[in-house]
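Residue-level structural notes
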Amino acid sequence: MHSTRQNLQILAGGISSLILTMGIARFTYTPALPRMQEALGLGDAAAGLLAAMNFAGYLSGALLASSLSNGRLRERLFRAGLILAVLCNALLPLSESMPVWSLLRYLSGLSSAAGMVLGTSLVLEHLTRQGVRQLIGVHFGGVGVGIVLTALALGGAGSPLDWRLTWWASALLGLLFVLPAWRWVRSGGGEPHPQAGRRMAWRELGRPFLYLTGSYFFAGASFAVGTTFIIAVIQANPQLAGVGQSAWLLLGLAAAPSCYLWVRWAGRIGNLPSLVAAYLIQTLGLLLPLLGSATPTLAGGLCFGFTFMGIVAMVLSQAGHLAQHNPARLMGLLVTSYGVGQISGPIIAGQLMAQGGNPQIALWLAAGLSAAGTLLAIGTREPRAELQPECPQPG
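Note that the coordinates shown come from a computational prediction; the quantities given were computed from them, not determined experimentally.

Turning to the overall build of the protein chain, a few remarks are in order. Looking only at helices and strands, the protein chain has 15 helices and 0 strands in total. Per-residue burial over the protein chain gives 57% buried out of 395 residues. For the protein chain, long-range pairs separated by at least 24 residues make up 85% of all intrachain contacts whose partners lie at least 6 apart in sequence. Just so you have it, the protein chain exposes about 14700 Å², and 65% of that area is on carbon and sulfur atoms.

Right, let's get into the pattern of salt bridges. Going through the model one piece at a time under the given rule, you end up with 4 salt bridges. The shortest N-O distance in the salt bridge between arginine 79 and glutamate 75 comes to 3.3 Å. In this pair, arginine 79 and glutamate 75 both sit in helix α4 (residues 71–91), 4 residues apart, roughly one turn of the helix. Residues arginine 79 and glutamate 75 agree in their burial class; the two are buried.

Moving on, we come to the packing of aromatic side chains. One pass over the structure, following the stated rule, counts 12 aromatic pairs. Ring geometry for phenylalanine 27 and tryptophan 248: centres 5.9 Å apart, planes at 70°, overall edge-to-face. Here tryptophan 248 lies in helix α11 (residues 243–269) and phenylalanine 27 lies in the loop between α1 (2–24) and α2 (29–40), a separation of 221 residues in the sequence. Aromatic pair phenylalanine 217 and phenylalanine 218: ring centres 5.2 Å apart, planes at 75°, arrangement edge-to-face. Taking relative accessible area as the criterion, phenylalanine 218 reaches 23% and is therefore assigned partly exposed.

Residues Ile83, Leu87, Leu91, Leu94, Leu165, Trp168 and Trp182 make up a contiguous nonpolar surface patch of about 630 Å² in total accessible area. With 3 residues, α4 is the largest single contributor of residues to the nonpolar patch.

Two elements in contact, helix α12 (residues 271–287) and helix α15 (residues 361–378), have axes separated by 8 Å at closest approach and are oriented at 165°. As the angle between them shows, α12 and α15 are arranged roughly antiparallel. As α12 packs across α15, the resulting crossing turns out to be left-handed. Where α12 approaches α15, its residues Leu272, Leu275, Val276, Tyr279, Leu280, Gln282, Thr283, Leu286 and Leu287 are matched on the opposing element by Leu363, Trp364, Ala366, Ala367, Ser370, Ala371, Gly373, Thr374, Ala377 and Ile378.

Along the chain, threonine 166 falls in helix α7 (residues 163–175). Note on threonine 166: relative accessible area 0%, which makes it buried. In terms of polar contacts, threonine 166 uses its side chain to reach the side chain of arginine 35, at 2.6 Å. Leave out the neighbours within four places in its chain, and threonine 166 touches Thr28, Ala32, Arg35, Leu154 and Leu161.

To continue, consider the environment of cysteine 88. Turning to its location among the elements, cysteine 88 is positioned in helix α4. Residue classification places cysteine 88 among the buried residues on the basis of a relative accessible area of 4%. Residue contacts for cysteine 88: discarding those within four places in its chain leaves Leu104, Leu107 and Ser108.

Next up on the list: the environment of proline 359. Residue placement: proline 359 occurs in the loop between α14 (327–356) and α15. Residues proline 359 and alanine 232 lie 127 residues apart in sequence; the distance between their C-alpha atoms is 7.7 Å. Proline 359 has contacts with Val233, Ala236 and Met353, leaving out every residue within four places of it along the chain.

Once that is clear, we can look at the confidence of the model for the protein chain. Confidence in the prediction of the protein chain, expressed as mean pLDDT, is 84, and 86% of residues score 70 or more. Between residues 190–198, whose pLDDT stays under 50, and residues either more than four places distant or in other chains, the model counts 10 contacts.

On to the environment of alanine 313, then. Mapped onto the secondary structure, alanine 313 falls in helix α13 (residues 294–322). Remark: the alpha-carbon pair of alanine 313 and serine 258, spanning 55 residues in sequence, is separated by 9.0 Å. Setting aside residues no more than four positions away along its own chain, alanine 313 makes contact with Phe140, Cys259 and Val263.

In this section: the packing of α2 against α7. Interhelical geometry of α2 versus α7 gives an angle of 155° and a closest axis separation of 8 Å. Taken together, the axis directions place α2 and α7 in an arrangement best described as roughly antiparallel. In terms of crossing hand, the pair formed by α2 and α7 is left-handed. Two secondary-structure elements touch here, α2 through Tyr29, Ala32, Arg35, Met36, Ala39 and Leu40 and α7 through Trp163, Thr166 and Trp167. Looking at side-chain class alone, the contact of α2 with α7 contains 7 nonpolar, 1 polar and 1 charged residues.

Rules used in this analysis
Once a new chain begins, its residue numbering starts again from 1 and follows that chain's sequence as written. Thresholds applied to this predicted model are a pLDDT of at least 70 for local features of residues and 80 or more for the giving and counting of side-chain atom pairs; totals over whole chains, interfaces and linings are not thresholded and use all residues. The side-chain values count all of the structure's non-hydrogen atoms but skip hydrogen atoms and water molecules. Numbering goes from the N terminus for both helices and strands, where a helix is a DSSP run of H or I of at least four residues and a strand is a run of E of at least two. Accessible area is worked out with a 1.4 Å probe on protein chains only. A residue is then buried under 20% of its type maximum, exposed over 50%, and partly exposed in between. Pairs of residues are marked as contacts when any of their non-hydrogen atoms sit within 4.5 Å. Residue exposure ignores everything except the shown protein chains as possible cover, and the areas themselves are Shrake-Rupley values with a 1.4 Å probe. Salt bridge criterion: a side-chain nitrogen from Lys or Arg within 4 Å of a carboxyl oxygen from Asp or Glu. When two rings of Phe, Tyr or Trp (its six-membered ring) have centres within 6.5 Å they constitute a pair, described as stacked for plane angles under 30 degrees, edge-to-face for angles over 60, and tilted for the intermediate range. Nonpolar side chains (Val, Leu, Ile, Met, Phe, Trp, Tyr) are joined into patches within 5 Å and like charges within 9 Å, using only residues with over 30% relative accessible area and no salt bridge. Orientation is described by axes fitted as lines to C-alpha atoms, over the contacting stretch for helices, and by angles from 0 to 180 degrees between their N-to-C directions. The labels follow the angle: roughly parallel below 35 degrees, roughly antiparallel above 145, roughly perpendicular from 65 to 115, and oblique for the rest. Handedness of each helix crossing follows the sense of rotation of the near helix against the far helix: counterclockwise by less than a right angle gives left-handed, clockwise gives right-handed. Pairs of N or O atoms are called polar contacts if they sit within 3.5 Å, as long as, within protein, a hydrogen donor faces a hydrogen acceptor (for residues adjacent in sequence, only side-chain-to-side-chain pairs). Scored between 0 and 100, pLDDT is the confidence that the predictor attaches to each residue. Just so you know the grouping, Ala, Val, Leu, Ile, Met, Phe, Trp, Tyr, Cys and Pro go in nonpolar, Asp, Glu, Lys and Arg go in charged, and all remaining residues, Gly too, go in polar.

Below you can see the structure in the form of structure tokens.
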């Protein structure tokens, strides 16, 4: 009974941390962006740069996290990230300076890395000690829950919130999740495992891991472009007035259970077939809004939301399998690839949109990047490349 209560607490804390550092700190930018563009004349290129700065902060934080083996230090930095997530959203509306915004979005990216990499590693280590590591998929659901909360709390195109109130409302919402994350996500303590501080050389990981890393780069780029611009692209189409926020809400609702479901399916049919299927559905989801009518657009939001965190969960859970004594370290290697994709994707998309004058370019690019990730994932088809499912085989 005591261990069950502990498991529920750390899952609640982990979900709260992802709601705050990912769902709110990162994804408030998506519904806020059209309001900032309308009120301030923020261009597509500048919007892409701000998104890239956030992802650059995430990458920096992931690299730092991958170098840490001391549990107590990871716990302290994780908690600092919780505070930083709220502060960055609260401070951004106080300025209209692009350099200030860039700095705040970079720092917000650091907080996202604290939640996703450090927080996830602490949760995963606890679940592994308890013999229930398959529950990590429940933890990842916090990202989707955070997106849903931003959609409901911040409103759609007709919301009375201007761009400043959008950011301040998100900061107030984020405060609700600081305490459970702070209190329940803790290090197990003790001395680090002898292998925990050792860097893993690429040659130890094998060619399939390199293919997977390349695939993950394209996944990161596709995810960043899609989540940054999807509402702006939809709202730019007069025939889709009011659909953008509904699509964002459905995206979050689909993302919330997606990690657990994808990992369960991976346990049944194998991780590689599940990973390829997720990529294909994601590609379809990014293309559907380009048809220009409401039903395909909403279906696209569902498909995209149901897959992008599933891809993350399958790959990062495999990182935990390959480095059980220090999952943050191997996660850092993968997140580096993902992070470089996240940085480059929005910059390229923003420049193409600015030059071409067509917002739909962003979703075409995101779909193409997702398709490239699919091809590289297929290239890992070797017995030793098959990823191990996190869930037990269903009976």
